[in-house]
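# An overview of the molecular structure
Here are the chains, one letter per residue:
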Amino acid sequence: MVGNLYLSSCGFLCISPREQREDCSTFDFTTPGGSLTAQPTSRAAGAKRILGTASEEKMFAAYFDCPGGPENLYIKEVMKPDPGEGEVLVKVSASALNRGDLLQRRGKYPPPKGASDILGLEAAGSVAGLGPGCSGRWKIGDAVMALLSGGGQAQYVTVPEGLLMPIPKDMTFIQAAAIPEAWLTAFQLLHFVGTQEKLEATANAGAAAGFNYKNEDFSEKVLEFTQGSGVDIILDCVGASHWEKNINCLSTDGRWIIYGLLSRGEIHGDLLARLLSKRASIHTSLLRPRHKEYKERLVRAFAEEVLPHFSAGASPRLQPLVDSVYPLHAIAEAHRAMEENRNIGKIVIEIPVCFKKGPLQ
């Protein structure tokens, strides 16, 4: 066995080789039929090079005025953003839903300073405009996907050019929207397995072993699988509710990496003594508040080392796992689906081509 053995937060073992609310009833939402293929768009579609002048155009976006449940979400008409120095304007075709969106809606995960307060941490679409100072890497109509600090669940979003990646030619916008946030967080970090279907999905993705934390003690299963040695690395997005089991199955000199707190952050127990006894260490990581330069290095490395494996004919071939697709006007239902853990894979939000006056469908 070469490399580190680690336990991901989905319960499987892996080996690492190295303003006022609008009346929503006045809108009719028109969505494109079927999956959108990520093909370049033409200049005739309204794309333009932007020279930094302020735009008075507007767009629609997912929004909420007060923190709370999914029922607080609605579609709001807001100002269309203009790209600044070194930024690209992307016409969004699809955006994926993340746990961070749910936390932000509840008021527990505010966007970083200077970031859009519109939901959406990733998006896929086509280049619609270029801000001053762009390097020339991207051109109008290019099919791109983006890692965002916010703003993806809208018709347009501005992105630093270094946080864009090209979409493989045989991939749809729906598929591409499911890649940036999830895969860039650590190239593959999934949530804890809670159903037999999710357990099977992790096995199909290449997990060495999987354990259902809802009906078995995953720490005992991990120790059994590793013949008592435990795992070298634990990737944890859940937090306090499983801390004792995490320590139980962590190897001597192991690392426990926390990148989310889906349960809670308060721990009641002798955590430090347990860590000390194993010479173990805790590391924490969040991607969203990282500075732009760090994210650009991460995106560049991912684009060079991993992105080619999403193309047809690549070996091994990687594919994003899309559970379901919701139109933007059904975003509240998408939030409910994620809160109830109904999804196996990414929930994608499809952005309508246009919004027409009329009754809500």
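Further remarks concern the layout of surface pockets. Looking at the second largest pocket, its volume works out to about 500 Å³. Lining the second largest pocket we find 28 residues, and of these Gly-114, Ala-115, Ser-116, Ser-149 and Thr-158 sit closest to its centre. Secondary structure elements with two or more residues in the lining of the second largest pocket: strand S5 (74–79), strand S9 (156–160) and helix H8 (292–305). Examining the composition of the lining of the second largest pocket, we find that 5 residues originate from one element, S9, more than from any other. Among the residues making up the lining of the second largest pocket, the classes are represented as 15 nonpolar, 7 polar and 6 charged.

This model, assessed by the stated rule, comprises 11 salt bridges. Between Glu-333 and Arg-342 there is a salt bridge, with its nearest N and O atoms 3.0 Å apart. Classification of Glu-333 as partly exposed rests on a relative accessible area of 32%. A residue is classified by how much of its surface remains accessible, and Arg-342, at 41% relative accessible area, is partly exposed. Across the pair Arg-342 and Glu-340 runs a salt bridge, and its minimum N-O distance is 2.7 Å.

In this section: the packing of aromatic side chains. Counting across every chain of the model gives 3 aromatic pairs. Centroid distance Tyr-63 to Tyr-74: 6.4 Å. Interplanar angle 70°. Geometry classified as edge-to-face. Here Tyr-74 lies in strand S5 and Tyr-63 lies in strand S4 (residues 58–63), a separation of 11 residues in the sequence. Classification of Tyr-63 as buried rests on a relative accessible area of 14%. With a centroid separation of 6.4 Å and 40° between ring planes, the pair formed by Phe-302 and Phe-310 is classed as tilted. With relative accessibility at 0%, the residue Phe-310 sits in the buried group. Here the aromatic residues Trp-183, Phe-302 and Phe-310 are joined through ring pairs into a cluster of three or more. The aromatic ring of Tyr-63 is capped on one face by Lys-76, whose charged end is 4.1 Å from the ring centroid.

Attention now moves to helix H5 (residues 218–225). Within H5, the full set of buried residues consists of Phe-218, Ser-219 and Val-222. Down the axis, H5 shows its buried residues gathered within 100° of arc, on one side only. The outward face of H5, more than 90 degrees from its buried face, is lined by the exposed residues Glu-220 and Glu-224. One or two steps after H5, the chain reaches Gln-227, where phi turns positive at roughly 55°.

This part covers the side chain of Gln-104. Its place among the elements puts Gln-104 in helix H1 (residues 99–105). Take Gln-104: its relative accessible area is 6%, and that puts it in the buried class. If near-sequence neighbours (up to four positions away) are discounted, Gln-104 is found in contact with Phe-64, Tyr-109, Pro-111, Asp-117, Ile-118, Leu-119 and Arg-288.

For the rest of this paragraph, the subject is a positive patch on the surface. Taken together, the side chains of Arg-137, Arg-290, Arg-297 and Arg-300 present a region of like positive charge at the surface. Among the structural elements, Arg-137 can be located in the loop between strand S7 (122–130) and strand S8 (143–147).

What follows covers unusual backbone geometry. If a residue is not glycine, its phi is most likely negative; likewise, a peptide bond is most likely trans. Here Ser-315 and Pro-316 are connected by a cis peptide whose omega angle stands at -5°. A positive phi angle is found at Gln-227, which is not glycine, with a value near 55°. Residue classification places Gln-227 among the exposed positions, given a relative accessible area of 77%. Positive phi values are uncommon outside glycine, yet Asp-253 reaches one of about 70°. Mapped onto the secondary structure, Asp-253 falls in strand S13 (residues 250–258).

Calculation rules
Residues numbered from 1 in each chain as written. Predicted model: local features only at pLDDT ≥ 70, side-chain atom pairs only at ≥ 80, totals over all residues. Heavy atoms only, no water. 1 Å grid on protein atoms, 1.4 Å probe; cavity = no way out; pocket = protein on both sides within 12 Å on 5 of 7 lines; lining within 4 Å. Points joined across faces, edges and corners; volume = space filled by probe spheres on them. Helix = DSSP H or I, 4+ residues; strand = E, 2+ residues; numbered from the N terminus. Nonpolar A, V, L, I, M, F, W, Y, C, P; charged D, E, K, R; others polar. Salt bridge = Lys/Arg side-chain N within 4 Å of Asp/Glu carboxyl O. Buried < 20%, exposed > 50% of the residue type's maximum accessible area, 1.4 Å probe, protein only. Phe/Tyr/Trp six-rings, centres within 6.5 Å; stacked < 30°, edge-to-face > 60°. Lys NZ or Arg CZ within 6 Å of the ring centre and 35° of its normal. Arc of directions from axis to C-beta. Contact = heavy atoms within 4.5 Å. Patch = residues over 30% accessible without salt bridge, like charges linked within 9 Å, V, L, I, M, F, W, Y side chains within 5 Å. Areas by Shrake-Rupley, 256 points an atom, 1.4 Å probe, with all protein chains shown as cover. Lys, Arg positive; Asp, Glu negative; His and termini not counted. Charge placed at Lys NZ, Arg CZ, Asp CG, Glu CD.

As far as function goes, none of this settles anything; it's purely spatial.
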